[in-house]
Amino acid sequence: HLTSFNEYQILSSTRCLGGAASYATDKFLHRPSILSNISSNPSLTRYGDVRANNAFNPFLISCHAFSTRGRKRPRVPKMKDLHSVEEVILTAYEHRDVMSRRDFSAVWARIPQLVSRRQPRHQPNPSSHEELLSKDDTRRMLYKIFDDTTNAIEDCDMRELTGTILGMAKIVTILRRQGKRKGEDSSRVILRELLLNKDMKPKVELFQSFANASMNKLDQFDARHLSNLAYAFALIDFDDGSDLFDHIAIKAVAKRNEFKPQELSNMVWAYATMNRPHAVLFEAIGDRIVASKHLKEFRPQTLKDTVWAYAKAGVSHPKLFEKVANHVMSYDSLDEFKPQELSNTVWSYAKAGVRHPELFEKVGNHIVESNSLSRYEPQACSNIVWAYATSDVPHPALFRKMAIHIVALDRLVRFEPQALSNTLWAYATAGVSHPKLFQKMAHAALGKLDRFTHPQDFSNTVWACAKAGFRHPKLFDKMANHFVGLDSFHQFEPQALSNTTWAFATAQVSHLDLFENVSTAAIQRKGEFNNSQHIANLLWAYATMGIVDKQLFSSFVPTSAKLMDSYNNQALANIAWAYAVANIDATSLFNDIFINECVEKKDGFENVALFQLHQWHLWQTKENSNTGLPQDLLDSSYNVFTSEDPTVSKLQEDVVAQLSSIGLDPQEEVLMDSGYSIDAIVEVNGKKVGVEVDGPYHFIGKGTSPLGSTVLKRRQVPSIDGIELVSVPYWEWNELLGKDEVKRQDYLRELLGLVEDNRNDT
């Protein structure tokens, strides 16, 4: 076997002068490879007639191609006519001495078209180029083709350069998507060696060299190849930190009228994918599209990718969205649109905040009228309902159709956490009730908890369940344990922290570790809370659960006060009530500014808010001697607070009956000066005592820990009305129901502090 250097020496003596072959001799031999540190393979066995001899003869490589100037250079087979990666590799290797740079570029353009296919098995044929290659031979050939390509990259023109870069970028994308497979073809293994690091990220030095070569020739690029260049680097998310993309944008703006629809779409898609929202470029391309007489040349995918790019990049262009929507509306039928194209289109409008009910109605009706949704991927289903909920476009038939489809699936294995959480969020936000859907998705979420790592997915899931009134304590508890174990609450955005605690409080699921972790994270990031609703919901959640975290409440006084003018009516009431429950001094928050906000919004308070404001007023004036509500607002809140007709449960009737049996003559449903109603008042040893029969709804999740409202009443009645208050919790009384009345009466005597010797007198 000859060494690579000896092979080059022999071949160079037979090559013709000038042209591609001469270039290969000068450039390929002497220019070092960017992967020169990778050892070459020793095997140099030729294929064809000599394969059986297992020997190498360099003069069998079509030497007639290089013998004289008078002969015409042999034709290189067209790569597009080859049907397997193996055939492309072998053909390129055997013709490499006569291949032009454009031919090499065609190799890399063809490989990604074939690499994802299942290659057919061929019978060995000595006269065919489709023989099976060993892994070592494939490596040797592919490395040589790769080196010949990269060594000459700086001399390529725009077409050759973009063809090579785009081809390799597509290969990288395919290999990363497929991952490593057992028993995979050797060509995939070697392509991965050449283009990817072990962490499956593209080789920086390789694509950096491509970026440098592109920058040097950018003035020569036309519109098509500018688009392809940006698209190629975006495919693999390669950003070398240079200003290459800025230069591409400048060139593209100048040539904007030369771009075809697909090239316009690819250009903005690339910048959005790379998170480089170049304002001038996006405005120029948007204006160019809007100025078009029609969009008939824009295919559904092109339309979808265009609006997706603007939505993803956060670049506003209302006229563009209106133009695209009107064009889609002009279709007699949307059968030409694939499910993903419909999904991404409505998602883009929702994400961009562009409301177009007519477009959504047309898309929704098309989906509802479809015979089956089997072609709709989980992410597409999720994106569609999310878009309708976000845009506040009601379409009950669409939500029903989608829910029936999802529930009918055997399992939701292909629903990733984001798709699960966003789907639940959409149904809850849209107010569409579907318990079977929630049950199925909750079960699926429990089965893949280890894949829930993103705070937003956790927050959206529990928020949706709480919002929809779907109780699933096991799901809440398991998810809370999972995220507490991850110790990742410092990564939660303020909204996620707020929504998570709001969900647990609304669903009345107690999890002290969760609330402790959220409190720590919220205190550390209190400066990032710039939304009054998030603050109000966070503090309301702690108060509702009866968790008085003094450090948390004290820390948020300045932040809450700073946002006073942005609270809506319910948020004002929530934050006032929360501090009343916590009993934390907040004079700098509840001052004249707060009172004025309440007065200005007085006509917008609903009954729930007025109920809370009355309790806050009691805390301010009766417990702390501070300024409270003005008289007209106080009258309104008091009337609401006292207007609810009391409901007497069987539990309460039984307790009152036993109080009468021991001669206490209880007064039922007594309205106190504070406005609170007491279940029963009795006189014991010359003083009045209030008896509260606390049923399950007075405790968190019908458990044994009192809700914040229960804690507040137990504190305010003795403080304001001056009477002792005792509680008969439901679980203690239920334990006595199976026993005789004497046991229940003894329980009440002990609770009220009645002396045994005075039993008969009493």
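Every value quoted in this text rests on a predicted model; they were computed, and no experiment measured them.

Caption draft 1: How the structure looks around unusual backbone geometry. You will see that aspartate 237, though not glycine, has its phi angle at about 55°, which is positive. Here aspartate 237 shows up in the loop between α9 (223-235) and α10 (244-254). Taking the relative accessible area as the measure of exposure, aspartate 237 reaches 53% and is therefore exposed. For glutamate 669, which is not glycine, the phi dihedral falls at a positive 45°. If you trace the backbone, glutamate 669 turns up in strand β1 (residues 667-671).

Caption draft 2: Region of the structure containing the packing of helix α31 (residues 650-661) against helix α34 (residues 741-752). Contact pair α31 / α34: the axes reach a minimum separation of 10 Å and the direction vectors enclose 80°. Our classification of the angle between α31 and α34 gives roughly perpendicular. Contacts between α31 and α34 involve Asp654, Val655, Gln658, Leu659 and Ser661 on the former and, on the latter, Glu741, Arg744, Gln745, Leu748 and Leu752. Its residues assigned to classes, the contact of α31 with α34 comprises 4 nonpolar, 3 polar and 3 charged.

Caption draft 3: Main features of the packing of aromatic side chains. A full pass over the atoms with the stated rule returns 37 aromatic pairs. Cluster of aromatic residues (ring-pair linked, three or more members): Phe458, Phe476, Phe483, Phe489, Phe492 and Phe504. The positively charged end of arginine 96 is found above the aromatic ring belonging to tyrosine 93, 4.0 Å away from the centroid.

Caption draft 4: Region of interest: the pairing of strand β2 (residues 677-684). Within β2, 6 of the 8 residues are buried, leaving the element largely enclosed by the surrounding structure. Strand direction decides the pairing type here: β1 and β2, joined by 4 bridges, are antiparallel. The residue bridging valine 670 from the neighbouring strand is isoleucine 678, located in β2. Here β2 runs beside strand β3 (residues 687-694); their pairing, made up of 5 bridges, is antiparallel. The residue bridging glutamate 683 from the neighbouring strand is lysine 688, located in β3.

Caption draft 5: Highlighting the environment of leucine 342. With respect to the element layout, leucine 342 can be found in helix α15 (residues 339-352). In this structure, the C-alpha to C-alpha distance between leucine 342 and tyrosine 376, residues 34 residues apart in sequence, is 10.0 Å. Every residue in contact with leucine 342, bar those within four places of it in the chain, is listed here: Leu334, Phe337, Val363, His366 and Tyr376.

Caption draft 6: Spotlight on helix α18 (residues 396-408). The end-to-end C-alpha separation of α18 is 18 Å, in line with the 18 Å expected for 13 residues at 1.5 Å each. Taken together, the buried positions of α18 are occupied by Leu398, Phe399, Met402, Ala403, His405 and Ile406. End-on, the buried residues of α18 take up no more than an arc of 160°, which puts them together on one face. Facing away from the buried surface of α18 by more than 90 degrees, the exposed residues are Ile404 and Ala408. In the core, the buried residues of α18 are packed alongside α16 (357-369), α17 (378-391), α19 (417-430) and α20 (435-447).

Caption draft 7: The nonpolar core, seen in detail. Ranked by internal contacts, the top residues of the largest apolar core, which has 224 residues, are Phe233, Met267, Met402 and Tyr579. The element that contributes the greatest number of residues to this core is helix α27 (residues 569-582), accounting for 11 residues. Each residue touching methionine 402, except ones within four places of it in the same chain, is listed here: Ile367, Leu373, Cys381, Ile384, Val385 and Tyr427. The next biggest cluster of nonpolar side chains, apart from the first, holds 22 residues, and it includes Val691, Phe699, Val728 and Tyr730.

Caption draft 8: Molecular detail of the sheet that holds β1. The mixed open sheet is built from 4 strands, whose spatial order is β1-β2-β3-β4. Sheet topology places β1 and β4 (724-729) at the edges, where each strand pairs with a single neighbour. Geometrically, the sheet is characterised by an average inter-axis angle of 45° between neighbouring strands, direction not taken into account. Strands in contact with helix α32 (residues 708-721) are β2, β3 and β4; relative to β4, the strand with the most contacts, it is inclined by about 150°.

Caption draft 9: Examining the environment of asparagine 574 more closely. Looking at the element boundaries, asparagine 574 is found in helix α27. Using a relative accessible area of 7% as the deciding quantity, one classes asparagine 574 as buried. Considered as a pair, asparagine 574 and leucine 539 are 35 residues apart in the sequence and their alpha carbons are 8.0 Å apart. Not counting residues up to four positions away in its chain, the partners in contact with asparagine 574 are Ala536, Asn537, Trp540 and Gln612. Of note is the side chain of asparagine 574, whose polar atom sits 3.1 Å from the side chain of glutamine 612.

The rules behind each value
Numbering of residues starts from 1 in every chain and runs along the sequence as written. For a predicted model such as this one, the threshold for reporting local features is a pLDDT of at least 70, and the threshold for listing and counting side-chain atom pairs is 80 or more; totals across whole chains, interfaces and linings nevertheless cover every residue. Side-chain numbers come from the whole structure's heavy atoms, not from hydrogens or water. Here a helix means four or more residues in a row that DSSP labels H or I, a strand means two or more in a row labelled E, and each is numbered from the N terminus. Between buried and exposed lies partly exposed: a residue is buried under 20% and exposed over 50% of the maximum accessible area for its type, with that area taken using a 1.4 Å probe on protein chains only. To define axes, lines are fitted to C-alpha atoms, for helices over the stretch in contact only, and angles between the resulting N-to-C directions are given on a 0 to 180 degree scale. Orientation categories follow fixed angle ranges, with anything under 35 degrees roughly parallel, anything over 145 roughly antiparallel, 65 to 115 roughly perpendicular, and all other angles oblique. Contact definition: two residues touch when any of their heavy atoms are within 4.5 Å. Polar here means any residue outside two lists: the nonpolar Ala, Val, Leu, Ile, Met, Phe, Trp, Tyr, Cys and Pro, and the charged Asp, Glu, Lys and Arg; Gly therefore counts as polar. In this analysis, rings of Phe, Tyr and Trp, with Trp reduced to its six-membered ring, are considered paired at centre separations within 6.5 Å, and the interplanar angle assigns stacked below 30 degrees, edge-to-face beyond 60, and tilted for intermediate values. Throughout this description, the term charge over a ring refers to an Arg CZ or Lys NZ atom that lies within 6 Å of the ring centre and within 35 degrees of the ring normal. The rule for pairing is simple: two strands pair if DSSP sees at least two bridges between them. Here the expected span of a helix is defined as 1.5 Å times the quantity of residues minus one. The arc in question is the one spanned by the directions pointing from the helix axis to the C-beta atoms. We call a set of buried Ala, Val, Leu, Ile, Met, Phe, Trp, Tyr and Cys residues a nonpolar core when their side-chain atoms join them within 4.5 Å. Within 3.5 Å is the distance limit for a polar contact, defined as a pair of N or O atoms, with the added protein rule that one can donate a hydrogen and the other accept it, and that residues adjacent in sequence qualify only through two side-chain atoms.

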